[in-house]
Amino acid sequence: MQIDIVVAFFMLGFIARVLKAPIDFPEGLYKGIILFLLLAIGLKGGIALNEYSTPNLIPQSLAVLSIGLILPLIAFPILVKVGGFGRDDAASVAAHYGSVSIGTYAVAVSFLESSGAYYEPYFPLFVAILEIPAIAVGVWLATRDGVAIQTKKILREVFLNQGVLLLVGGLLIGWWAGEARSASVMPLFAGMFQGTLALFLLYMGLVAADKISLLRQHGNFIASFAVVMPLVGASLGALVGHYIGLSQGGTVLLATLGASASYIAVPAAMAVAIPTANQSLSITASLAVTFPFNVLVGIPLYAALVAWFYG
Amino acid sequence: MNQRAAIFETSSIAVLLLVGMSVSTLQIDSTGVMSVAALLTVFFVTSHFQTLRGLASRYVSRISWSTASTSNTTES
């Protein structure tokens, strides 16, 4: 099994927590790391946009947007009809699976860069695009029966949440500044990216091991769903990536984005939009199962399958 | 037990096995997928243990009843 060095830190965190080792990872440090990763990914994508923007970008962006709209619509009926979930819980989980995980994306980028594969450098734009539509679909699914919602509060949460704001903010700064003007800050944001990602994954390993115990509480269905849904998302992502003419690396990244589930932007938005939904269900599925599955098994699998497909 | 959920759970294990077998025929490492399939199988068996035991004992008693009735018919 091909495992990137940063993924080894995830395994270290997971094993340490399973062995009940007293590792105290400060919550503030985790929040700082998230902030750093969002800005670094946004900046890198913005600088690339400044240099490589192509006319294909608009149709490509629209196709990527469609993934975020379709995935919650696939997940919702499975959760309601098969899992027996209530409308609110199903809509919340579906929104998580339609959105993306910035951590999983960072691991996929690290995987591609360590194997020297090319991918479209403006990809962070697609990450930002995929953050939002699933939240809107999730809210629509939960409130279809005419339930009153606080539109202003939800819109604020959708567009001004930390994930979207920092990612889009970084993109805009990078796009405006270009490579020359960004040179003074890039030693921090590019040079320290891998090390910071390793720290992030150490923390995620600790959290995933904590959440594993909740799986017993939520039943076996959620574990199966959290493994099957990434395969569905990855297939859709790979198909769209191939259809819109992305490179082999780009298709792997889009498959990974389709397979990932949010645990930063969407939980915050769903807590406001659907307060009656059980947030623990979504977090358990996305953090305890989908994130480890994608990092340990999914990304190498998607990369190998896309490589086979591209010949 | 939610029957639809149980069918979904077994199907997901089958899907993973199918993916694992397909990738190994393409000379791609299938260790990860097969391990996840094994883990889900363990989860499935432990969480539905009582139901599976009930099904197994019903099946065994049906076989023994059918064997007994066949031997009775032969003797008479």
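Model, not experiment: these values are computed from the prediction.

Participant: In this structure, what is going on with the overall build of chain A? I would like to understand it.
Facilitator: Helices and strands together make up the secondary structure of chain A, namely 15 helices and 0 strands. For 311 residues, the compact-globule estimate of 2.2 N^0.38 gives 19 Å, and chain A sits close to it at 18 Å. Projected onto its principal axes, the C-alpha coordinates of chain A cover approximately 50 × 45 × 40 Å. The 311 residues of chain A split such that 55% are buried.

Participant: Can you help me understand the packing of helix H2 (residues 27–52) of chain A against helix H6 (residues 123–131) of chain A in this one?
Facilitator: Each pair of packed helices gets described by two things: the angle between the helix axes and the distance between those axes. Residues and elements named next belong to chain A. Between H2 and H6, whose axes approach to 7 Å, the crossing angle comes to 125°. Regarding the angle of H2 to H6, the classification is oblique. Across the interface between the two elements, Ile 41, Gly 42, Lys 44, Gly 45 and Leu 49 of H2 pack against Phe 123, Pro 124, Leu 125 and Val 127 of H6. Looking at the contact of H2 with H6, its residues break down into 6 nonpolar, 2 polar and 1 charged.

Participant: Please clarify how the interface of chain A and chain B should be interpreted in this entry.
Facilitator: Size of an interface: often given as the accessible area lost when the parts come together. Counting residues at the interface gives 21 residues for chain A, matched by 21 residues for chain B. Within the residue set of the side of chain A that touches chain B, elements represented by two or more residues are helix H3 (57–82), helix H12 (220–243) and helix H15 (279–310) of chain A. Residues that form the side of chain A that touches chain B fall into these classes: 15 nonpolar, 5 polar and 1 charged.

Participant: Just to check I follow, could you spell out the confidence of the model for chain A for this structure?
Facilitator: Any region with low pLDDT has predicted coordinates that should not be read closely. Taken residue by residue, chain A gives an average pLDDT of 88. The fraction at 70 or more is 98%. The secondary structure element of chain A with the lowest average pLDDT is helix H8 (residues 151–160) of chain A, at 75, and the one with the highest is helix H13 (residues 248–259) of chain A, at 96.

Participant: Help me understand the packing of helix H5 (residues 102–114) of chain A against H15 of chain A in this model?
Facilitator: Residues and elements named next belong to chain A. Running from N to C, H5 and H15 point in directions that differ by 40°, and their axes come no closer than 10 Å. Considering how the two elements wind past one another, H5 and H15 form a crossing that is right-handed. Two secondary-structure elements touch here, H5 through Gly 103, Thr 104, Val 107, Ala 108 and Phe 111 and H15 through Phe 291, Asn 294, Val 295, Ile 299 and Ala 303. A per-class count over the contact of H5 with H15 returns 7 nonpolar, 3 polar and no charged.

Participant: Help me understand H3 of chain A in this model?
Facilitator: What sets the pattern is the α-helix's 3.6 residues per turn: residues three or four places apart point alike. Along its 26 residues, H3 of chain A runs 38 Å from first to last C-alpha, staying within 8% of the 38 Å computed at 1.5 Å per residue. Listed as buried for H3 of chain A are Gln 60, Val 64, Ile 67, Gly 68, Leu 71, Pro 72, Ala 75, Phe 76, Ile 78, Leu 79 and Val 82 of chain A. Residues of H3 of chain A that are buried sit in contact with helix H4 (87–98), H6, helix H7 (133–142), H12 and H13 of chain A together with helix H1 (3–25) of chain B. Just downstream of H3 of chain A, Gly 84 of chain A is the residue with a positive phi angle, here 70°.

Cut-offs applied
Residues numbered from 1 in each chain as written. Chains lettered and ligands numbered in written order. Predicted model: local features only at pLDDT ≥ 70, side-chain atom pairs only at ≥ 80, totals over all residues. Helix = DSSP H or I, 4+ residues; strand = E, 2+ residues; numbered from the N terminus. Rg over C-alpha atoms; globule rule 2.2 N^0.38 Å. Buried ≥ 20, exposed ≤ 12 C-beta atoms within 10 Å, placed from the backbone. Axes fitted to C-alpha atoms, helices over the stretch in contact; angles between N-to-C directions. Parallel < 35°, antiparallel > 145°, perpendicular 65-115°, else oblique. Contact = placed C-beta atoms within 7 Å. Nonpolar A, V, L, I, M, F, W, Y, C, P; charged D, E, K, R; others polar. pLDDT = per-residue confidence, 0-100. Left-handed = near helix turned anticlockwise from the far one by under 90°. Expected span 1.5 Å × (residues − 1).

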